[in-house]
Amino acid sequence: MENKKPTSAGARMGRGGPVNMNTEKPKNFKKSMFKLLRYLRPHKWIFFLAILLSTVAVAFSIISPRILGNMTNQIVDDFVSVKVYDSIMEKLPEGANLPAGTTVKDLLEKMKPDQNMVELSEMADKIPAAQVDLIENLDLSKKPEFHYDKLAEIGGFLIILYLISVAANYLSGWIASGVIMKIVRKMREQISGKINRLPISYFDKHQFGDTLSRVTNDVDTIGQSLTQALSQAISAVFLAIGILAMMFSISWLMALVAVAILPISFGLIGMVVKRSQRHFRNQQNQLAELNGHIEETYAGQIVVRAFSGEQKATKEFAGINNRLKGSTWRSQFLSGLMMPMMHVVSNFGYVASAVLGGWLALNGRLNIGDIQAFIQYMGQINQPITQVAQIANLFQSTAAAAERVFVFLDEKEEPTESPDAKILSKISGQVEFNKINFSYEPGKKIIRNFSAHIKPGAKIALVGPTGAGKTTVVNLLMRFYDIDSGSIKIDGVDIRDMKRSDVRRLFGMVLQDTWLISDTIEANLKYGSPNITDQDMKKIAKFAHVDHFVRALPAGYNTKINEDSENISTGERQLLTIARAMMLDAPMLILDEATSNVDTRTEVLIQEAMERLMRGRTTFVIAHRLSTIVNSDLILVMQKGNIVEQGTHRELLARNGFYAKLYNSQFVGE
């Protein structure tokens, strides 16, 4: 076939061209992320529930250090009370009886300042300022005790809070993951639909592996990153706000010290993100290039080995792999710098908070439990900052993947068809090419002023050297491409006034390159004709000489064809594609060397079956072996996009022109 790039999928008619692996990608990070977040709109209420649950989980986790600090304060107060009571009792005369309700303050004011009282006063002066009020009002008429009941109550309340926080966090993650998976499913559906709406010219210019990478790697990256990043981002925001509020409620002075380190942290994060974004984008592009190379090499292993191309393929793979390694190393190294930098900055905050907190406690402005709670909050304030660093890392790969997916979804589609498109109810098979011109690329015409009138039911052969435009004519007839000028009419109706799907349903097609799906033989035969009965299917299978070899297989028609159709021979694959075309029962046929891959004996049988199939149907045959089209009703001889001769086989031989030279050249050895 001319003007066609071989593909691993096979059976695709099209024109080959340079594969564009360096397509310009958008570099607007914000635009890509906002575009990605629009997918959340249909799920905003259920996602709001996930946010609410995440808020509850964060709120409870924020409250717990303050409650734990109160527990510490209770222990400290009880301990100081017992120690003070014991010390005072040791200084009082033996057998001293204090009236009920006597406090330390009362004792120091009413009793004479003897030596014991002086020592008591000095001891009182050493009591931490935060416990002064507690000690002054300590009842000395009875020995104070540790309040284990209060400690148990606080501990039980903390356990309940932790359990609720864990449950809310679990539910939030479960709901958010469900939403993200729906978004990923929708994105894959959009890509799948997009593939069917893209013009054939897109697939001529883009590598199969690159498109496959967008459907698999890029969408997987988006799904995995969003699942982690969105839940972390939401909790990080609430956690940061809540922790800051609690820190200011404990000590605004210490809170200011803690807040002072945040700009430094975010500045470092921004610096790293800015430098790593480019490497993440390169990583995604090079991963797609690597996938394309692997797919291409794997699909063409026979050709690679036949031409001793293993070393070249390995060298090319190594080059792509090294570039991917470089991009991956740079992106991961830069993003990995964030955590060490965050630890260094946070350690400065710890030291400053500890020194300031100790000074405030000595001056009676803070309790020990409050300092403990604040230090815990200092540890927690690093958590949302760390999460932001991790999220920034995830969002780099997400943005790079999203850019590639959105570039694909924004590709120009086939022009929208009119809802008033004409439908041919009864097809006679008359085809008219009227001065058509066509070029795959502007300024490079492939077909020039091509005209031909095809009668209903005629067998038309297109012959000519490689690159003459034979396949291009068929591509235009099937509306895989639209002509630049002129018209192609079927039964007097311009095919541009019809839907593409309606035009293509008029043709049964058998190509030289076989293409079968990874399914049973029955599913392959019914591909395009799902409503055909099993009885009719087997009848046509016998007609196409398929039934005899299928019945010889262990599972018969339920035999599953593997991915590369390697469990059946090349000739058997060709027979299956011929039978599949027969089952369509289309009014017109397109045959491209349909018997090129079968043996001579089978070819004779297939030719007989095809003659019956072609009876009464307009048939276009692309022929390289001219011996197969000698009985055609009309032979169109093409050269450089033009019809240079046309007529029957006998007429063309009698002219002794270009066709005669082609025909005789195939039999010069005979």
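No experiment lies behind these values; they were computed from the predicted model shown. Starting afresh in each chain, residues are numbered from 1 along the sequence in its written order. For this predicted model, a pLDDT threshold of at least 70 governs which residues receive local features, and a threshold of 80 or more governs which side-chain atom pairs are given and counted, while totals over whole chains, interfaces and linings are taken from all residues. Hydrogens and water molecules were not included; the side-chain quantities draw on all heavy atoms of the structure.

Asks: In this structure, what is going on with the overall build of the chain? I would like to understand it.
Replies: Each helix and strand in the chain was counted, giving 23 helices and 10 strands. Accessible surface, the chain: about 34,400 Å² in total, of which carbon and sulfur atoms supply 57%. The helix count covers DSSP runs of H or I at least four residues long, the strand count covers runs of E at least two residues long, and both are numbered beginning at the N terminus. Per-residue accessibility takes into account occlusion by the displayed protein chains alone, with areas from the Shrake-Rupley method and a 1.4 Å probe.

Asks: When you look at a positive patch on the surface in this model, what are you seeing that I'm missing?
Replies: Residues enter a patch when their relative accessible area is above 30% and they make no salt bridge; the linking distance is 9 Å between like charges and 5 Å between nonpolar side chains (Val, Leu, Ile, Met, Phe, Trp, Tyr). For salt bridges, the criterion is a side-chain nitrogen of Lys or Arg within 4 Å of an Asp or Glu carboxyl oxygen. Working convention for charge: Lys and Arg count positive, Asp and Glu count negative, and His plus the chain ends are omitted. For charged residues, the charge sits on one atom: NZ in Lys, CZ in Arg, CG in Asp, CD in Glu. Where like charges cluster on the molecular surface, the positive patch consists of Lys31, Arg38, Arg41 and Lys44. With respect to the helices, strands and loops of the structure, arginine 41 is situated in the loop between α1 (29-37) and α2 (44-91). Residue arginine 41 is classed as exposed on the basis of its relative accessible area, which comes to 59%. Buried residues are those whose accessible area, probed at 1.4 Å on protein chains only, stays under 20% of the maximum for their type, while exposed residues exceed 50% and partly exposed ones sit between those limits.

Asks: So what exactly am I meant to see when it comes to the environment of glutamate 593 here?
Replies: Here glutamate 593 lies in the loop between β7 (588-592) and α21 (600-614). Whether two residues touch is decided by their heavy atoms; if any such pair falls within 4.5 Å, the residues are in contact. Once residues within four sequence positions are removed from consideration, glutamate 593 is found in contact with Gln512, Ile622, Ala623, His624 and Arg625.

Asks: Would you mind going over the pattern of salt bridges with me for this structure?
Replies: Where charged atoms of side chains with opposite charge meet at close range, the side chains can pair. Under the defined criterion, the tally for this structure stands at 17 salt bridges. Between glutamate 414 and arginine 500 there is a salt bridge whose closest N-O contact spans 3.7 Å. Taken together, the residues span a long stretch of sequence, with glutamate 414 in the loop between α14 (368-409) and β1 (431-441) and arginine 500 in helix α16 (residues 500-504) at a distance of 86 residues. Judged by its relative accessible area of 18%, glutamate 414 falls in the buried class. With its nearest N and O atoms 2.8 Å apart, the salt bridge here joins aspartate 547 to arginine 551.

Asks: Which parts of the structure should I look at to understand the packing of helix α18 (residues 534-543) against helix α20 (residues 570-584)?
Replies: Axes are the key here: two packed helices are described by the angle between their axes and the distance separating the axes. Every axis corresponds to a line fitted to the C-alpha atoms, with the helix fit spanning only the stretch in contact, and the corresponding angles, defined between N-to-C directions, vary from 0 to 180 degrees. Between α18 and α20, the least distance of the axes is 9 Å, while the angle of their chain directions is 130°. Taken together, the axes of α18 and α20 are oblique relative to one another. Considering only the axes of α18 and α20, their crossing is right-handed. Contacts between α18 and α20 involve Met537, Ile540, Ala541 and Phe543 from the former and Ala579, Met582 and Met583 from the latter. Each residue is assigned to one class: nonpolar for Ala, Val, Leu, Ile, Met, Phe, Trp, Tyr, Cys and Pro, charged for Asp, Glu, Lys and Arg, and polar for all the others, Gly among them. Looking at the contact of α18 with α20, its residues break down into 7 nonpolar, no polar and no charged. Under this scheme an angle from 65 to 115 degrees is roughly perpendicular, one under 35 degrees roughly parallel, and one over 145 degrees roughly antiparallel; angles in between are oblique. By convention the crossing between two helices is left-handed if the near helix lies anticlockwise of the far one by an angle smaller than a right angle, and right-handed if it lies clockwise.

Asks: How do you make sense of the sheet that holds β7 when you look at a structure like this?
Replies: Two strands are counted as paired when DSSP detects at least two bridges linking them. As summarised here, the arrangement of the 6 strands in space is β6-β7-β8-β3-β9-β10, forming an open sheet in which the pairing is mixed. For this open sheet the edge positions go to β6 (507-510) and β10 (642-647), each flanked by a neighbour on one side alone. Adjacent strand axes in the sheet meet at a mean angle of 20°, parallel and antiparallel pairs treated alike. Here 4 bridges tie strand β3 (residues 459-463) to strand β9 (residues 634-639), and the two strands are oriented parallel to one another. Paired with valine 463 across the strands is valine 637, a residue of β9.

Asks: Can you help me understand the sheet that holds strand β2 (residues 444-454) in this one?
Replies: The strands that make up a sheet are held in pairs by hydrogen bonds between backbone atoms, and each pair lies either parallel or antiparallel. With respect to topology, 4 strands assemble into an open sheet ordered β2-β1-β4-β5, the strand pairing being antiparallel. The sheet is open, and its two edges are formed by β2 and β5 (493-494), each paired on a single side. Together, β1, β2 and β4 (485-490) form the strand contacts of helix α15 (residues 470-477), whose direction differs from that of β1 by roughly 110°.

Asks: Would you mind showing me how to read the packing of aromatic side chains here?
Replies: A ring pair, where both rings are aromatic, is described by two values, the distance of the centres and the angle of the planes. Pairs were defined over the aromatic rings of Phe, Tyr and Trp, the Trp ring being its six-membered one, requiring ring centres within 6.5 Å. Orientation was assigned from the angle between planes: stacked under 30 degrees, edge-to-face over 60, tilted for the rest. Enumeration according to the criterion identifies 10 aromatic pairs in this entry. With 6.4 Å between their ring centres and 90° between their planes, phenylalanine 433 and phenylalanine 620 make a pair best called edge-to-face. Highlighted residues: phenylalanine 433 in strand β1 and phenylalanine 620 in strand β8 (residues 618-622), separated in sequence by 187 residues. A relative accessible area of 3% means that phenylalanine 433 is categorised as buried. By relative accessible area, which is 2% here, phenylalanine 620 ends up buried. Seen from their ring centres, phenylalanine 438 and tyrosine 440 are 4.8 Å apart, and the 85° between their planes marks the pair as edge-to-face. What makes phenylalanine 438 buried here is its relative accessible area of 3%. Taking relative accessible area as the criterion, tyrosine 440 reaches 14% and is therefore assigned buried. Cluster of aromatic residues (ring-pair linked, three or more members): Tyr202, Phe203 and Phe408.

Asks: Honestly, the pairing of β4 in this entry has me stumped. Any pointers?
Replies: Residues in a regular strand point their side chains to alternate faces of the sheet. Of the pairings in the sheet, the one linking β1 to β4 comprises 5 bridges and is antiparallel in character. Bridging from a neighbouring strand, valine 431 pairs with isoleucine 490 of β4. Two strands pair when backbone bridges link them, and β4 and β5 are joined in this way by 2 bridges, in the antiparallel orientation. Pairing of isoleucine 490 across the sheet is with valine 493, part of β5. Counted along the chain from β4 to the antiparallel partner β5, the turn is 2 residues long, and its residue aspartate 491 has a positive phi close to 55°.

Asks: What am I meant to see in a nonpolar patch on the surface here?
Replies: Judged by side-chain polarity, Trp45, Ile46, Phe48, Leu49 and Leu52 come together as a nonpolar surface patch covering roughly 530 Å² of accessible area. Within the secondary structure, phenylalanine 48 is located in helix α2.

Asks: Is there a simple way to think about the environment of valine 272 in this case?
Replies: Mapped onto the fold, valine 272 is located in helix α10 (residues 262-299). For valine 272, a relative accessible area of 4% gives the class buried. Sequence separation between valine 272 and leucine 337 is 65 residues, and the spatial gap between their C-alpha atoms is 7.7 Å.

Asks: Got a minute to help me understand unusual backbone geometry in this structure?
Replies: Despite not being glycine, asparagine 449 shows a phi value in the positive range, around 45°. Within the element layout of this structure, asparagine 449 appears in strand β2. A positive phi is found at asparagine 656, a non-glycine position, where the angle reads about 55°. For asparagine 656, the location among the structural elements is in the loop between α22 (649-655) and α23 (658-665). Since its relative accessible area comes to 57%, asparagine 656 is described here as exposed.

Asks: Where do I start with α23 in this structure?
Replies: Side chains of residues three or four places apart in an α-helix project in the same direction, reflecting 3.6 residues per turn. Taken as a whole, α23 has its buried residues at Tyr659, Ala660 and Tyr663. Projected onto a plane normal to the axis of α23, the buried residues spread over an arc of 95° and lie on a single side. The secondary structure elements touched by the buried residues of α23 are β3, β9, β10 and α22. Here the arc refers to the directions that run from the helix axis out to each C-beta atom.

Asks: I would appreciate a short explanation of the side chain of serine 172 in the present structure.
Replies: Relative to the helices and strands, serine 172 resides in helix α6 (residues 148-197). Classification of serine 172 by relative accessible area gives buried; the value is 6%. Here alanine 50 takes part through its backbone oxygen, which lies 2.8 Å from a polar atom of the side chain of serine 172. Those residues in contact with serine 172 that lie beyond four places of it in its chain are Ala50, Leu53 and Ser54. Nitrogen and oxygen atoms within 3.5 Å of one another constitute a polar contact, given that in protein one can donate a hydrogen and the other can accept it, and given that sequence-neighbouring residues count only through two side-chain atoms.

Asks: Help me out: how do you make sense of α18 in this one?
Replies: Every buried residue belonging to α18 is among Met537, Ile540 and Ala541, and all of these are buried. Looking straight down α18, one finds its buried side chains confined to an arc of 105°; they lie on one side. Those residues of α18 that are exposed and angled more than 90 degrees off the buried face are Gln535, Lys539 and Lys542. At the exit of α18 stands histidine 545, carrying a positive phi of roughly 60°.

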